[in-house]
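One letter stands for each residue in the lines below.
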2 protein chains.
Amino acid sequence: MLTERQRMILNAIVDDYIRSAEPVGSRSISKRGDVAFSPATIRNEMADLEDLGFLEQPHTSAGRVPSTKGYRYYVDHLVKIGEVNDLELERIRIFLADKMNLMEQVIQHAAMILSNLTNYTSIVLGPEIFSNSLKHFQLIPLNEDTAVAIVVTNTGHVENRTVSIPPGMDMSEMEKVIRILNMKLAGVPLTRLRSQLYSEVGAELGRYVTHCEQLLGVLDDALAREGDQRVYVSGTTNMLTQPEFKDVDKVKLLLDLFDETPTLMKLVGSLPDGIQVKIGSENGHQAISNCSLITASYSLDGQSLGTIGILGPTRMEYGKVISLLDVLSKDMVSTLSRWYK
Amino acid sequence: MLTERQRMILNAIVDDYIRSAEPVGSRSISKRGDVAFSPATIRNEMADLEDLGFLEQPHTSAGRVPSTKGYRYYVDHLVKIGEVNDLELERIRIFLADKMNLMEQVIQHAAMILSNLTNYTSIVLGPEIFSNSLKHFQLIPLNEDTAVAIVVTNTGHVENRTVSIPPGMDMSEMEKVIRILNMKLAGVPLTRLRSQLYSEVGAELGRYVTHCEQLLGVLDDALAREGDQRVYVSGTTNMLTQPEFKDVDKVKLLLDLFDETPTLMKLVGSLPDGIQVKIGSENGHQAISNCSLITASYSLDGQSLGTIGILGPTRMEYGKVISLLDVLSKDMVSTLSRWYK
DNA sequence: CGTTAGCACTCCAATCCATCGAGTGCTAAT
DNA sequence: ATTAGCACTCGATGGATTGGAGTGCTAACG
């Protein structure tokens, strides 16, 4: 579809624009050396590329700027996936070698590392704990009418909430119930926990316990979970250093978006495995119409664990970010798999 | 120190400036009605007030703006503590009546309510869990070499972390240890937990358990806590609507500050009980030199529980914010005390 | 003596204007 | 097919000009 020379020129323009954030003219391309044609020739090609929709002109007599389509072509055909340089690699290795306690810590730190290395904003979707299974369930009374329910999953994740105890419930009975629960429910995926609670355990409990229905209600309460996935956003302020966000109003739109967990989840979540690039308007959100989102979803044993995403201006360093995400997500998977097996 | 008329004028200027964010001139004061003097007279007084350091002039031939000293005088002597209007009051009551599970939830929601009602940013220091005591301790093995340690306090707060189990540790021994720990340590304030662990329990454990020292190490590890207090910041983007933050660089400074938990804690924490106002440079931080911080520390039975703070431009609605904080903190104390007793 | 009207003065902010330069499109020459 | 040349466009930059809001001072007034 494009001639070799057009590709070279498009590549040069995108590269230049990524560095400078300013419309690039024919002369500067010509001077770069890798496209050895005169400005006039390049101008002609640029006009063609604009007709084809790969470039845009802010106004006549300004240089060209890549369009969404231009970026798309760039990431699909032109971008050179950068080598992750030694310093970066070292930081990633150190980070992964550092013994961390919880899977959540790993995820969260990964987000920080990424936003540091790239100077963009990272959005990380925590492991889908729905896909984990129950390790241990505990109910700890605080006083006569309230107790803390604690759920521990096989990955070491801990959820807790307080529930109220129905009056007349007996301590020793409760302990009995908890013992039964742990015996019957250990290993059950969290998704099926509540249904299993009624179908399997309900009957058996009836024999031992008087206030069975109330107790089941409490347990149901304890296991009802909102917001199962956590979203970690890191390096928000990095965006503010980008010239495309010198306008406070845009900043506000962006930051408000970061606060809306559900929207973020929709944005980052439910993407196919591997590395995905969404450019500008492609992700269809007002506040980030001039941003690109690069995501890497990682999984373990076929189970999707979560997604790491980097949000930057459309004019972002695709090659570098993609290589970083690639390395990090692969390393994370191997590290996580070593731990949880 | 100030004449009655000077007070009236100062009050009028601060009020006007809070509304308009623009230097206020003598004419507009005169027209307000509540200071029935001619502009000329007011000019003279304004000149005096400037000499005394209560007002500042951005440049000759601009109106006056309150100085830090001016604001200080205003909040100390002039401000009318607003009535909390019915709508606001209702929202607070509803929020408090809403049955919430954890103390932390209450705190966090309070922050949100406040930033919503005021359109400023709220910074809330969670309850000092140091001052709480141990309710229950639990160690749940995940696999051969790791376990999750869970600490539950008397207020229902749950802390958890994973620890590695020394090789050769036996399950049944561990259960024994945990039973002893809970018997010996229940009710002990978290602050003294670690010392008590060694002094009281250490000896007794020696009798039952073989790998005593290692186990103590594990427990020590589990109880070592960084970041005991949590800081909740809510409504950060509200600041961006204030004209004093139309400059992106200032926004970045501010947002970076919000990300620095320790700095925030220093800023909000360790303040005497009751309502405190820190104006502009008084809080001595570059990023918020043009902000004021109003804090309310609340306590229960003499124990300091935490602090609620509202951060706004120096030009903030002191009267309104103070009254809101007052109502909310008092209501919170009474609600919390009803629960945890 | 306190208050006020009047007036000259200051200084920011907005507007206009000229200029500059980077970049283009087109044409003609190579 | 490529390129040199040239006229043209258009935003950005940097004074000058002007308008208006506000001041300080002085003199008049009750």
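Check the entry above for the structure.
Computed from a predicted structure; not experimentally measured.

J.: Go over helix α1 (residues 4-20) of chain A with me, naming the residues and quoting the values.
T.: All names here are of chain A. Under the 1.5 Å per step criterion, the end-to-end length of α1 is 24 Å for 17 residues, consistent within 8% with the ideal 24 Å. Inspection of α1 places Q6, I9, L10, N11, A12, I13, V14, D16, Y17 and I18 among the buried residues, and these make up the whole buried set. A21 occupies a position one or two residues after α1 and carries a positive phi of about 65 degrees.

J.: So what's going on with the side chain of S292 of chain B? Which residues, and what values?
T.: Residue and element names in this part refer to chain B. With respect to the helices and strands, the residue S292 is situated in strand β9 (residues 291-300). Exposure remark for S292: the relative accessible area of 0% places this residue in the buried category. At a separation of 2.7 Å, a polar atom in the side chain of S292 contacts the side chain of Y318. Ignoring anything within four residues of it in the chain, the contact list for S292 reads K278, I279, G280, I310, L311, G312, P313, T314, M316 and Y318.

J.: Let's hear about the layout of surface pockets: which residues, and what values?
T.: Computed from the structure, the second largest pocket encloses a volume of approximately 940 Å³. Lining of the second largest pocket is provided by 26 residues; of these, H136 and Q138 of chain A together with H136, Q138 and I178 of chain B occupy positions nearest its centre. Its residues placed into classes, the lining of the second largest pocket shows 14 nonpolar, six polar and six charged.

J.: For the packing of aromatic side chains, give the residues involved together with the corresponding values.
T.: The tally for this structure, following the rule as stated, stands at six aromatic pairs over all chains. Residues F54 of chain A and Y73 of chain A carry aromatic rings whose centres are separated by 5.5 Å and whose planes lie at 75 degrees to one another, so their mutual orientation is edge-to-face. Placement of F54 of chain A in the loop between α3 (39-52) and β1 (55-56) and of Y73 of chain A in helix α4 (residues 68-78) is noted, with a sequence separation of 19 residues between them. Here F54 of chain A matches Y73 of chain A in class, with each residue buried. An aromatic cluster is defined as three or more aromatic residues linked by ring pairs; in this entry it consists of Y71, Y74 and Y318 of chain A. Over the face of the ring belonging to F37 of chain B we find R5 of chain B, whose NZ or CZ atom lies 4.6 Å from the ring centre.

J.: Explain the protein's contact with DNA strand C residue by residue, including any values.
T.: Around DNA strand C sit 19 residues in total, of which S26 of chain A together with R5, T41, T60 and S61 of chain B are the nearest. Near the protein, meaning within 4 Å, the atoms of DNA strand C are sugar or phosphate in a fraction of 78%, with bases accounting for the rest. Between DNA strand C and S61 of chain B there is a distance of 3.0 Å, counted from a base oxygen to a side-chain nitrogen or oxygen. Secondary-structure elements contributing two or more residues to the surface near DNA strand C are α3 of chain A together with α3 (39-52) of chain B.

J.: So what's going on with the protein's contact with DNA strand D? Residues and values would help.
T.: In the vicinity of DNA strand D there are 19 residues, among which R5, T41 and S61 of chain A together with S26 and R64 of chain B approach most closely. The sugar-phosphate portion of DNA strand D accounts for 75% of its atoms within 4 Å of the protein, the bases making up the rest. Taking S38 of chain A, its main chain carries an N or O atom lying 3.2 Å from a phosphate oxygen of DNA strand D. A distance of 3.2 Å is found between a base oxygen of DNA strand D and a side-chain nitrogen or oxygen belonging to R43 of chain A. Listed by contribution, the elements that provide at least two residues to the surface near DNA strand D are α3 of chain A together with α3 of chain B. Take the surface near DNA strand D: its biggest share by element is four residues, from α3 of chain A. Taken together, the residues that form the surface near DNA strand D break down as four nonpolar, eleven polar and four charged.

J.: Any chance you could break down the environment of V24 of chain A for me, citing the residues and the numbers?
T.: Residue and element names in this part refer to chain A. Mapped onto the elements, V24 comes out in the loop between α1 and α2 (26-32). Judged by relative accessible area, V24 falls into the buried class, the value being 3%. Once you skip the residues sitting within four places of it in the chain, V24 turns out to touch I13, D16, Y17, I29, M46, G63 and R64.

J.: Provide a residue-level description of the sheet that holds strand β3 (residues 121-125) of chain B, including the pertinent values.
T.: Residues and elements named next belong to chain B. The five strands are arranged β7-β3-β10-β9-β8 in an open sheet whose pairing can be described as antiparallel. Bordering the open sheet on either side are β7 (231-234) and β8 (274-279), each of which pairs with just one other strand. Recorded for the sheet is a direction-independent mean angle of 15 degrees between the axes of neighbouring strands. Relative to β9, β8 runs antiparallel, the two being bridged by six bridges. Bridge pairing in β9 places V277 opposite I294.

J.: Run through the relation of the copies chain B and chain A, naming residues and quoting values.
T.: Each copy superposes on the other: chain B lies on chain A with an RMSD of 0.2 Å after a rotation of 180 degrees and an axial shift of 0.0 Å. Here the two chains are linked by the operation of a two-fold rotation axis. In terms of proximity to the rotation axis, the leading residue of chain B is V248 of chain B, whose C-alpha is 3.0 Å off the axis. In this assembly, 100% of the residues forming the interface of chain B have copies in chain A that are likewise at the interface, indicating an isologous arrangement.

J.: I'd like a rundown of unusual backbone geometry, residues and numbers included.
T.: Trans is the prevailing form of peptide bonds, just as negative phi is the prevailing case for residues other than glycine. Residues and elements named next belong to chain A. Unlike most non-glycine residues, N119 shows phi in positive territory, near 65 degrees. Looking at where N119 falls in the secondary structure, it is placed in the loop between α6 (103-118) and β3 (121-125). Given a relative accessible area of 44%, N119 falls into the partly exposed group.

J.: Please set out the pattern of salt bridges residue by residue, giving values where relevant.
T.: Any two side chains of opposite charge can pair, on the condition that their charged atoms come close. As enumerated under the stated definition, the model contains 24 salt bridges over all chains in all. Between R5 of chain A and E45 of chain A there is a salt bridge whose closest N-O contact spans 2.7 Å. Of the two residues, R5 of chain A is situated in helix α1 and E45 of chain A in helix α3; the sequence distance between them amounts to 40 residues. A salt bridge links R32 of chain B to D34 of chain B; the shortest N-O distance between them is 2.7 Å. For R32 of chain B, a relative accessible area of 31% puts it in the partly exposed group.

J.: If you had to explain the environment of M46 of chain B to someone new, which residues and values would you point to?
T.: Residues and elements named next belong to chain B. Along the chain, the position of M46 falls in helix α3. Note on M46: relative accessible area 2%, which makes it buried. Distance from M46 to I13, taken between C-alpha atoms, is 9.5 Å for residues 33 residues apart in sequence.

J.: So what about the packing of helix α1 (residues 4-20) of chain B against helix α4 (residues 68-78) of chain B? Which residues, and what values?
T.: Residue and element names in this part refer to chain B. Two elements in contact, α1 and α4, have axes separated by 10 Å at closest approach and are oriented at 110 degrees. Relative to α4, the element α1 lies roughly perpendicular. Here R7, L10, N11, V14, D15, Y17 and I18 of α1 lie close against α4, whose contacting residues are G70, Y71, Y73, Y74 and L78. Across the contact of α1 with α4, the residue classes tally to eight nonpolar, two polar and two charged.

J.: Describe in detail the interface of chain B and chain A, supporting the description with residues and values.
T.: Every contact between the two is made by 36 residues of chain B and, on the other side, 36 residues of chain A. Carbon and sulfur atoms make up 64% of the surface buried where chain B meets chain A, a total of about 2800 Å² over both sides. In this structure, the connection of chain B to chain A is made through zero salt bridges. Counting every contact that joins chain B to chain A gives four residue pairs in polar contact (both at pLDDT 80 or more).

About the criteria used
Residues numbered from 1 in each chain as written. Chains lettered and ligands numbered in written order. Predicted model: local features only at pLDDT ≥ 70, side-chain atom pairs only at ≥ 80, totals over all residues. Heavy atoms only, no water. Helix = DSSP H or I, 4+ residues; strand = E, 2+ residues; numbered from the N terminus. Expected span 1.5 Å × (residues − 1). Buried < 20%, exposed > 50% of the residue type's maximum accessible area, 1.4 Å probe, protein only. Polar contact = N/O pair within 3.5 Å; in protein donor to acceptor, adjacent residues only side chain to side chain. Contact = heavy atoms within 4.5 Å. 1 Å grid on protein atoms, 1.4 Å probe; cavity = no way out; pocket = protein on both sides within 12 Å on 5 of 7 lines; lining within 4 Å. Points joined across faces, edges and corners; volume = space filled by probe spheres on them. Nonpolar A, V, L, I, M, F, W, Y, C, P; charged D, E, K, R; others polar. Phe/Tyr/Trp six-rings, centres within 6.5 Å; stacked < 30°, edge-to-face > 60°. Lys NZ or Arg CZ within 6 Å of the ring centre and 35° of its normal. Near = heavy atom within 4 Å. Pairing = 2+ DSSP bridges. Axes fitted to C-alpha atoms, helices over the stretch in contact; angles between N-to-C directions. Least-squares fit on C-alpha atoms with pLDDT ≥ 70 in both. Salt bridge = Lys/Arg side-chain N within 4 Å of Asp/Glu carboxyl O. Parallel < 35°, antiparallel > 145°, perpendicular 65-115°, else oblique. Buried area = accessible area lost by both parts, 1.4 Å probe.

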